[in-house]
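Working through the structure, step by step
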Amino acid sequence: MNAREEILRRIERVAPTRPAAEVAASYGRIDRGYRRRHHEGDVLELFAERVADYRATVLRVAPSGVPGTVARRLAARPGSYGVPSDLPPEWVSEVGAPLVRDPSVAALDGLAGAVTGCAAAIAETGTIVLDHGAAQGPRALSLVPDYHLIVVRAEQVAPDVPDALARLDPLRPLTFVSGPSATSDIELSRVEGVHGPRTLDVVVVA
């Protein structure tokens, strides 16, 4: 028995694994009588406002404006950019910078930034959620480069947290992005870029 197996054996002894049916029944008994929606108005406007509060740059464009907007934002930062291999090609059709599709972990630190889509967004909190599925790439792509541009489609923006969570698969690796990475842990001094990108651009397509 190796160390991992020993640790799992001890955990199982203290908290035995319950049958899936029992777990599902227990989950179903949770009281969810809370209010599930707080916003009925323009959720895109609210989302843009909340994202901007986090010091991210918000650019609202029509679908036809995505290629030019992405190209201009990337042109301001010379270098190559990491993109998922399944990123919609039209999003980067006007980009002049070199694009590295599905870059290796070793290559991430040398990139000027990354361009991805997302799984969902939350207007109430100004949060973008990546589940690292279609058009998003692996988690490292959204955390290592110093700059991240995320394209958010209007239909992906949920008004509140409960609505957004209902759209997500809890078994996927979820990354919640609320503005550029920042911390004030040391003497309350804000430091950006510690746990992820220092600069965040959000292109809202509607």
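Everything in this summary refers to the structure shown in the same document.

Conventions and cut-offs
Residues numbered from 1 in each chain as written. Predicted model: local features only at pLDDT ≥ 70, side-chain atom pairs only at ≥ 80, totals over all residues. Heavy atoms only, no water. Buried < 20%, exposed > 50% of the residue type's maximum accessible area, 1.4 Å probe, protein only. Helix = DSSP H or I, 4+ residues; strand = E, 2+ residues; numbered from the N terminus. Pairing = 2+ DSSP bridges. Core = buried A, V, L, I, M, F, W, Y, C linked by side-chain atoms within 4.5 Å. Contact = heavy atoms within 4.5 Å. Axes fitted to C-alpha atoms, helices over the stretch in contact; angles between N-to-C directions.

Of all seven residues in strand β12 (residues 199-205), six are buried, a share of seventy percent or more. Both strand β1 (residues 57-61) and β12 contribute to a ladder of five bridges, which runs parallel. From the neighbouring strand, Thr-57 faces β12, where its bridge partner is Asp-201. The pairing of strand β7 (residues 147-153) with β12 spans seven bridges and is parallel. When the sheet's bridge partners are listed, Tyr-147 is paired in β12 with Thr-199.

Moving on to the nonpolar core. In terms of nonpolar packing, the biggest core is built from 20 residues, with Val-70, Leu-74, Leu-87, Leu-149 and Val-203 touching the most fellow members. Mapped by element, the contributors of at least two residues to this core are β1, α4 (66-75), β2 (81-83), β7 and β12. Per-element accounting of this core gives the leading share, four residues, to α4. Here Val-70 is in contact with Trp-91, Val-92, Val-95 and Leu-149, once residues within four sequence places are set aside. Within the second largest apolar cluster, 18 residues are counted, among which are Ile-150, Val-152, Val-157 and Leu-200.

Take the sheet that holds β12 next. Ordered by their spatial adjacency, six strands build an open sheet running β1-β12-β7-β4-β2-β3, and the pairing between neighbours is parallel. Each edge of the open sheet is held by one strand with a lone partner, namely β1 and β3 (99-101). The sheet shows a mean angle of 20° between the axes of neighbouring strands, direction not considered. Strand direction decides the pairing type here: strand β4 (residues 113-116) and β7, joined by three bridges, are parallel. Within β7, the residue paired with Thr-116 across the bridge is Ile-150. Across the sheet, helix α3 (residues 43-53) is in contact with β1, β7 and β12; its angle to β1 comes to roughly 155°.

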